[in-house]
Amino acid sequence: MLNVALLSKWHVHAKDYAKEASENKQINIMKVWDEDQERGKQWAKELNVPFEAELENVLSDKDIHGVIVTTPTSIHKEVIVTCARHKKHVFTEKVLATTLKECDEILAAIEEAGVQLMVSLPRLTERFYLYAQKILDEGLLGELTSIRCRVAHNGAVATEDSEHGWLPSQFFKREETGGGALIDLGAHPIYLSNRLGGKVKAVNARLQQTKGHEVDDNAAVIVEFESGALGMIETGFLSYGCPDQLELYGTEGTLLFESRQPKELISSKVEDDGLIMSDQLPKALPSAMEQWVDAILNQSTPSIHKEDIRNLTLVNEAAARSHREGRRVELSEIQRGR
């Protein structure tokens, strides 16, 4: 049994992780802490567990083995490094940090403490991604030349009840989030493209503040991969009914997905190309949280790696600089600390 504490209900997915943890027979939720005490007390009451106002008291509890961190992104480093120093395993929401420097400092603290870190990158466990990777690995598309990946929703479209739409208002506070649509929802197309396209050489990004928020609510990034392939990452909080889209183009084939379902495979190497049946897709991997628990209790190796986590932050930081400075940014600039 893995005893955990929930650290903050700030993130929109905090309730989802609490629900998944409560439904996992190997996880026992013991305490809640929140930087907003009133919010934390209410959440603890809903979960029927104690609320603790002092983070140090939570982390000093030897009966707690791990933490689920859904704090503002801006305090990820402070909270997670402190957790690591107390030898607590950490599950957290993407992104790990807003800069590569902070990301590396967190990863170093985790490694020094010898604890398990998992950042939730859920689409890397799903059937559509596993199928796409399989098709690429088998060479059915030939040489990959282009990737387009779009993940968007209407969370910032104003409603009668809220000028911010259905996203919580804190998602538009730059000081807490470090960014908007790209750093949050855009994480999915970034980490998918990183896996499918390989190492990224440079990016050219535009982060729009269409509705006048502090952060971007609509974004696009042109990605140059070291292989020579090009990528287009699209995201936003202003698209109603927008299906997730993934398109892979190669010298010998094309693979299309919509709403995370395969739409079409056209390949010169496949006789019966066209519509893909669901039984052709690989079995999904365990969720990020399940992999985290299994790594702690059984020393298994998760399918979500440190490089996935690090490269997500790296591309995000490069994209933010590209927009801010109005130019193409090579990732080596970020890595060299320029």
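As shown above, the structure is provided for reference.
Residues numbered from 1 in each chain as written. Predicted model: local features only at pLDDT ≥ 70, side-chain atom pairs only at ≥ 80, totals over all residues. Heavy atoms only, no water.

Student: Looking at this structure, how should I read the overall build of the protein chain?
Tutor: Along the protein chain, the regular secondary structure elements total 11 helices and 13 strands. Counting all 338 residues of the protein chain, 53% fall into the buried class. Taking as baseline every contact in the protein chain between residues at least 6 positions apart, the subset at least 24 positions apart corresponds to 68%. Surface accessibility of the protein chain: about 15,600 Å² in total, with carbon and sulfur atoms responsible for 46%. One way to put it: in the protein chain the 39 positive side-chain charges average out to a point 3 Å from where the 53 negative ones average out. (Helix = DSSP H or I, 4+ residues; strand = E, 2+ residues; numbered from the N terminus. Buried < 20%, exposed > 50% of the residue type's maximum accessible area, 1.4 Å probe, protein only. Contact = heavy atoms within 4.5 Å. Areas by Shrake-Rupley, 256 points an atom, 1.4 Å probe, with all protein chains shown as cover. Lys, Arg positive; Asp, Glu negative; His and termini not counted. Charge placed at Lys NZ, Arg CZ, Asp CG, Glu CD.)

Student: Got a minute to help me understand the environment of Phe257 in this structure?
Tutor: With respect to the secondary-structure elements, Phe257 resides in strand β11 (residues 253-258). Between the C-alpha atoms of Phe257 and Ile309, which are 52 residues apart in sequence, the distance is 24 Å. Excluding anything up to four places from it in sequence, Phe257 contacts Phe128, Tyr131, Ala132, Asp244, Gln245, Leu246, Pro262 and Lys263.

Student: So what exactly am I meant to see when it comes to the sheet that holds strand β8 (residues 218-225) here?
Tutor: Sheets are built from strands paired through backbone hydrogen bonds, the pairs being either parallel or antiparallel. Read across the open sheet, the eight strands follow the order β12-β11-β10-β6-β9-β8-β7-β13; overall the sheet is mixed. Looking at strand neighbours, the two that pair on one side only are β12 (261-267) and β13 (329-330), the edges of this open sheet. Bridging between β8 and strand β9 (residues 230-236) involves seven bridges; their strand directions are antiparallel. Following the sheet pairing, Ala220 is matched in β9 by Glu234. Helix-sheet contacts for helix α10 (residues 306-325) involve β7 (200-208), β8 and β13, and the interaxial angle to β7 is about 55°. (Pairing = 2+ DSSP bridges. Axes fitted to C-alpha atoms, helices over the stretch in contact; angles between N-to-C directions.)

Note that all results are geometric; they support no functional claim without further evidence.
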